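Okay, here's what each chain looks like letter by letter:
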Amino acid sequence: MTPYRPTTADGRAALDRIQSEPGRALLAFDFDGTLAPIVPDPRDSRAHPGVVPALRALADRVRAVAVVTGRPAAVAVEYGGLDAVPGLTVLGQYGRERWEDGRLAVPDPPPGVARVRAALPGVLKRLGAPDGTWIEDKNHALAVHTRRTADPDGALDLLGAPLADLAERAGLAVEPGRMVIELRPPGMDKGVALTGLAGALGAETVLFAGDDLGDLAAFDAVERLRADGVPGLKLCSGSAEVVELAARADLVVDGPAGVVAFLEDLARTLGV
Ligand SMILES: O=P(O)(O)OC[C@H]1O[C@H](O[C@H]2O[C@H](CO)[C@@H](O)[C@H](O)[C@H]2O)[C@H](O)[C@@H](O)[C@@H]1O
């Protein structure tokens, strides 16, 4: 008997279905904050040590396991050691990139990304961005991180409106996240990515686990799938930093360690 009981009837129905018919289920996960603990420098991010064993155990029993991340797909694979999970799909850059079996499909970035890349250092200087502000260049997107400044929230307040203006002039979208503002191509989000993957796989049940604002689009997608008769479970990797996801989730666990414990329990329930 599993100790995990979703607080919603829809969530309980979905978890029951995953347990009774795992071969029809898609299990999809965000990376940072869900599979990997949050760390000050994004380059130091690594999956929780329990992630790969748990995903490997489940991969043989379910229809598919996927990671849907704002990271470049290859970076998530490297930082997560995810190439050890057989059959895993990684949709990177909010679904623009696809990694499978060591093969990576990446479209060209739109020209606005190069314009933002050229302008961003000058914009941050003019605004007086505090020490510790860091630009992460993801090739398809630029992320401005404030976690390592003295006042991360204050820095986000200072930078938010001007970066939104810069993104708009370059034809890019703004993606706010945990102590970060991303300027990225519009037209794709984790909901579009998850819906497309679930449809392509013919998944009859979907679980999505996330922790950050960019994961709300995937929660929206789970709700749309439910309305179409596909049971879905919204799992939140909870933190004090983001409360919006917990409010929308069927089940909240305590950060990446809680996600791993949930996956280990699911694997035990499935007899693997
Ligand atoms: O979609 P995700 O897999 O959750 O990726 C979202 C962004 O995560 C990374 O930033 C976050 O994690 C860092 C490492 O723990 C942390 O330092 C930072 O404050 C967080 O915002 C990543 O750097 C971004 O590129 C991702 O888009």
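Residues numbered from 1 in each chain as written. Predicted model: local features only at pLDDT ≥ 70, side-chain atom pairs only at ≥ 80, totals over all residues. Heavy atoms only, no water.

As recorded by an unreviewed UniProt entry, the chain carries the name Trehalose 6-phosphate phosphatase and is attributed to Actinorugispora endophytica. Turning to the chain, the UniProt annotation filed under Cofactor (unreviewed entry) states: "Mg(2+)". (UniProt positions renumbered as here; feature names shortened; annotations may be inferred.)

Q: Any details on the overall build of the chain? Residues and values, ideally.
A: Within the chain, the secondary structure is distributed over nine helices and 12 strands. The C-alpha radius of gyration of the chain comes to 18 Å, within 12% of the 19 Å expected for a compact globule of 272 residues. Each principal axis of the C-alpha distribution contributes one length, and for the chain these read about 60 × 35 × 35 Å. Out of the 272 residues in the chain, the part that is buried amounts to 53%. Sequence-distant contacts, at least 24 apart, represent 64% of the contacts inside the chain between residues at least 6 apart. Here the chain has roughly 11300 Å² of accessible surface; of this, 52% comes from carbon and sulfur atoms. Charge-centre separation for the chain: the mean point of 29 positive side chains lies 3 Å from the mean point of 38 negative side chains. (Helix = DSSP H or I, 4+ residues; strand = E, 2+ residues; numbered from the N terminus. Rg over C-alpha atoms; globule rule 2.2 N^0.38 Å. Buried < 20%, exposed > 50% of the residue type's maximum accessible area, 1.4 Å probe, protein only. Contact = heavy atoms within 4.5 Å. Areas by Shrake-Rupley, 256 points an atom, 1.4 Å probe, with all protein chains shown as cover. Lys, Arg positive; Asp, Glu negative; His and termini not counted. Charge placed at Lys NZ, Arg CZ, Asp CG, Glu CD.)

Q: Quick rundown of the sheet that holds strand 9 (residues 180-184)? Include the residues and the values.
A: Within the open sheet, the four strands sit side by side as 6-7-9-8. Their pairing is antiparallel. Sheet topology places strand 6 (134-137) and strand 8 (173-177) at the edges, where each strand pairs with a single neighbour. Mean inter-strand twist for the sheet, computed between neighbouring axes without regard to direction, equals 20°. Two strands pair when backbone bridges link them, and strand 6 and strand 7 (residues 142-145) are joined in this way by four bridges, in the antiparallel orientation. Note that in strand 7 the partner of E136 across the bridge is A143. (Pairing = 2+ DSSP bridges. Axes fitted to C-alpha atoms, helices over the stretch in contact; angles between N-to-C directions.)

Q: Quick rundown of the sheet that holds strand 12 (residues 251-253)? Include the residues and the values.
A: Read from one edge to the other, the open sheet built from eight strands follows the order 5-4-3-2-1-10-11-12, with strand pairing classed as mixed. Two strands close off the open sheet at either side, each with one partner strand: strand 5 (103-105) and strand 12. The mean inter-strand angle of the sheet, taken between neighbouring strand axes irrespective of direction, is 20°. Relative to strand 11 (residues 232-237), strand 10 (residues 205-210) is paired through five bridges, and the arrangement is parallel. Counterpart to F208 in the pairing with strand 11 is K234. Helix-sheet contacts for helix 6 (residues 190-201) involve strand 1 (25-29), strand 2 (64-68), strand 3 (89-92), strand 4 (97-100) and strand 10, and the interaxial angle to strand 1 is about 155°.

Q: Residues and numbers for the environment of V68, please.
A: Within the fold, V68 resides in strand 2. What makes V68 buried here is its relative accessible area of 0%. As a C-alpha pair, V68 and R117 span 49 residues in sequence and 24 Å in three-dimensional space. If near-sequence neighbours (up to four positions away) are discounted, V68 is found in contact with A28, F29, D30, F31, L91, K190, A193 and F208.

Q: Which residues make up helix 7 (residues 216-227), and what values do they have?
A: Helix length check: helix 7, at 12 residues, gives a terminal C-alpha distance of 17 Å against a target of 16 Å (1.5 Å per residue), a fit within 8%. If you follow the buried residues of helix 7, they end up packed against helix 1 (9-20), helix 6, strand 10, strand 11 and helix 8 (244-248). Remark: G229 follows helix 7 within two positions and exhibits a positive phi of approximately 95°. (Expected span 1.5 Å × (residues − 1).)

Q: Quick one: what's the story with unusual backbone geometry, residue by residue and with numbers?
A: The phi torsion at D101 lies on the positive side, around 50°, for a residue other than glycine. Among the structural elements, D101 can be located in the loop between strand 4 and strand 5. The phi dihedral of N139 falls on the positive side, at around 75°, and the residue is not glycine. By the secondary structure assignment, N139 is in the loop between strand 6 and strand 7. Note on N139: relative accessible area 44%, which makes it partly exposed.

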